[in-house]
Amino acid sequence: MRSRLVTSIAALAVVLAACSSGATPAPSAPAPSAAASVAASPAAASVNLTIYAAASLKAALAKATTAYEAANPGTTLAISTDSSAALETKIEQGAPADVLLSADTANPQKLVDKGLAAGSITKFAGNLLTVIVPMANPAGIQTPADLAKPGIKVIAAGDTVPITKYATQLVANLAKQPGYPADFAARYTANVVSKEENVAAVVAKIELGEGDAGIVYVTDAKTSTKVATVAVPDAANVPATYGGVVVKASPNLAAAQAFLAWLAGPDGQAILASFGFLPPS
Amino acid sequence: MAAGRVPRAGHGWGSWSLVGVAGLFGLFLGLPVVVLVGRAVVDGSLARALGTQVVLSALALSLTTTAVSLVLTVAFGLPLALVLARRTFRGSSWVEAIVDLPIVLPPSVAGLALLLLLGRRGLLGGPLDALGIEIPFTTLAVILAQTFVAAPYFVRSARTGIAGVDRDFEDAARVDGASELQLFRSITVPLAGTALSAGLVMSWARALGEFGATIMFAGNLAGQTQTLPLVVYGEFQGGDLDGSIAAAAILVLAALGVLVAVRVLHWGRVLDLRSLG
């Protein structure tokens, strides 16, 4: 019995190896005919676009999806949000996304550099940072300088999440402002108790009251009803630029380009503005 | 006595199909892990990862927290298993269902539940705060999260094992004058030993791999709450695929090491994971 098991496992392994090496040419054969049939009757074709978007875009994109689908019958959008860096990694690993909407331009640039993007990066939004605290503000944070007070629990995001890069820059800018201690950056870092997966998780922890403060986007603070904001001096604030790019492996290149253009156009911009986003810088 | 040869099982199409299905599933379960470890070893990322502070401190944290969780699991789980195995009371099946619940709960649900109970604004948050105890974002939180999701495996297995010990042996020992504690140590535990060890191993393995509840309840900070599974996820999210693969391979090898060690030092009897209730 046991030697038969070994023989069959070996045989299966050989068969699987043969299948996997032979599988790659097969899918490309039916694809051109499918594309041809789509091109022949564009009005009748139904297109499903998978959009990978930064976590801070979730609420705005929900509204944008309704508007876009109404204006383009036959097209449906499936939005997936997470940290822009995580989404970029997934696309590199072959995830079936049509468009990447990132909270920075560095992640779309990585796709471009690796030859995984179709066309160039489209900047479609801007954002600024703010400090959020739980509604009750148990730690009594009045100004961003209080982030360095000993014992404050700061919730941050992971090192590669775009908000962290912006927040680090913000903290460095604040340290140079009058009224901020010279070791502000070091004290802020010492107060970080957790590095969450994306900015939405930071907001969630503050909403739950688990942390005392966190640096997030202005749009996140606007969308949440359970947090209070502590304003950041304009001179120190860091403008975030959101960039989008179409994924080269997308089976719906034209539709994907059209959506990205729409988002950067007047209709998309109006919706983004209603959530507090700025025009791209 | 049969005069002719008894037809042996193991011939014919039925047998080959059975073996074929078994082989396919065995491949499905084994290949991903083999590929993972193989890749980490072959491209040298495993060796490099073992030299990085992030991975080493995560490994140390994982091993120490799971060890403490295991101690807590046995210390509190064994009495619970005894009560459930030996005493039937009204609602005991409900208690058993609740004790088993963490097994089926998605880990992030478990983490959220712990947060709502023990978090700063949780049900017990006020009293804990008055005592000066804050649990979220500490290593204690990691241990509690692990214990919450892993202990039920031990309790289930122990409960079944203890219930399976023949009461006659215990009664005989009592007649001979053994105290309850002596009885427990010399009769119940050895006879239930297989189930107890299997439960311990399952529990430890589950604690080692715990991710969702940890990141929800304990947070993610290197050196304090960032266990190895969190490093695997974090490195992947951050684009360091090689780092992620290496950390994952280390996790696999650590788990494999313990599983093999337990089999080798099997406390005088063969460890049978099929005895898990």
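The model shown is predicted, which means the values in this text are computed figures rather than measured ones. (Residues numbered from 1 in each chain as written. Chains lettered and ligands numbered in written order. Predicted model: local features only at pLDDT ≥ 70, side-chain atom pairs only at ≥ 80, totals over all residues.)

Q: Got a sec to walk through the overall build of chain B? Specific residues and values, please.
A: Of the regular secondary structure elements, chain B holds 12 helices and 0 strands. With the principal axes as the frame, chain B shows a C-alpha extent of 70 × 55 × 30 Å. Burial analysis of chain B (277 residues in total) assigns 36% to the buried set. (Helix = DSSP H or I, 4+ residues; strand = E, 2+ residues; numbered from the N terminus. Buried ≥ 20, exposed ≤ 12 C-beta atoms within 10 Å, placed from the backbone.)

Q: I'd like a rundown of the pairing of strand S6 (residues 154-157) of chain A, residues and numbers included.
A: Residues and elements named next belong to chain A. What you see with S6 is no split at all: Val154 and Ala156 on one side and Ile155 and Ala157 on the other are buried throughout. One ladder, built from 4 bridges, connects S6 with strand S7 (residues 192-196); its direction is parallel. Residue Ile155 lies in a different strand from S7, and its bridge partner there is Ser194. Across 2 bridges, the pairing between S6 and strand S8 (residues 213-217) is parallel. Of the residues in S8, the one forming a bridge with Val154 is Ala213. (Pairing = 2+ DSSP bridges.)

Q: Let's hear about the sheet that holds strand S2 (residues 75-82) of chain A: which residues, and what values?
A: Two orientations exist for strands paired in a sheet by backbone hydrogen bonds: parallel and antiparallel. All names here are of chain A. One open sheet accounts for 5 strands, arranged S2-S1-S3-S10-S4; its pairing is mixed. Unpaired on one side and paired on the other, S2 and strand S4 (117-127) mark the two borders of the sheet. Looking at each pair of strands side by side, their axes are set apart by 20 degrees on average, direction ignored. The sheet contact formed by strand S3 (residues 99-102) and strand S10 (residues 240-247) spans 4 bridges and is antiparallel. Bridge assignment links Ser102 to a residue of S10, and that residue is Gly243. Relative to S4, helix H6 (residues 106-113) is tilted by about 175 degrees, and along the sheet it contacts S3, S4 and S10. (Axes fitted to C-alpha atoms, helices over the stretch in contact; angles between N-to-C directions. Contact = placed C-beta atoms within 7 Å.)

Q: Just give me the short version of the domain arrangement of chain A, but keep the residues and values in it.
A: Residues and elements named next belong to chain A. One can read the domain layout of chain A as domain 1 (46-126 + 241-274) and domain 2 (129-238). Summarising the inter-unit geometry, the C-alpha centres of domain 1 and domain 2 are found 27 Å apart. Taken residue by residue, the interface counts 11 residues in domain 1 and 13 residues in domain 2. The set of elements that each furnish at least two residues to the side of domain 1 that touches domain 2 consists of helix H4 (58-71) and helix H5 (84-92). By residue class, the composition of the side of domain 1 that touches domain 2 is 5 nonpolar, 3 polar and 3 charged. (Domains from an automatic or database assignment. Nonpolar A, V, L, I, M, F, W, Y, C, P; charged D, E, K, R; others polar.)

Q: Explain the packing of helix H3 (residues 53-86) of chain B against helix H7 (residues 139-163) of chain B to me, using residue names and the numbers behind them.
A: Residues and elements named next belong to chain B. Running from amino to carboxyl end, H3 crosses H7 at an angle of 40 degrees, the nearest separation of the two axes being 7 Å. The angle between the axes of H3 and H7 places the two elements in the oblique class. Read as a crossing pair, H3 and H7 show a hand that is right-handed. Class assignment of the residues belonging to the contact of H3 with H7 gives a composition of 17 nonpolar, 8 polar and 1 charged. (Parallel < 35°, antiparallel > 145°, perpendicular 65-115°, else oblique. Left-handed = near helix turned anticlockwise from the far one by under 90°.)

Q: Go over the packing of helix H9 (residues 180-208) of chain B against helix H12 (residues 241-264) of chain B, please, and point to the residues and values.
A: All names here are of chain B. Contact geometry of H9 with H12 gives a least axis separation of 11 Å together with a crossing angle of 170 degrees. The pairing of H9 with H12 is recorded here as roughly antiparallel in orientation. Contacts between H9 and H12 involve Val201, Trp204, Ala205 and Leu208 from the first element and Ala255, Val258, Leu259 and Val262 from the second. Split by residue class, the contact of H9 with H12 holds 8 nonpolar, no polar and no charged.

Q: So what's going on with the interface of chain A and chain B? Residues and values would help.
A: Every contact between the two is made by 24 residues of chain A and, on the other side, 22 residues of chain B. Only helix H1 (2-23), H5 and S7 of chain A provide two or more residues apiece to the side of chain A that touches chain B. By residue number, the principal contributor to the side of chain A that touches chain B is H1(A), which donates 6 residues. For the side of chain A that touches chain B, the per-class residue count stands at 9 nonpolar, 7 polar and 8 charged.

Q: Report on the confidence of the model for chain B, specifying residues and quantitative values.
A: When the pLDDT values of chain B are averaged, the result is 86; 92% of them are 70 or greater. Both confidence scores are given for the complex: pTM 0.78, ipTM 0.73. (pLDDT = per-residue confidence, 0-100.)

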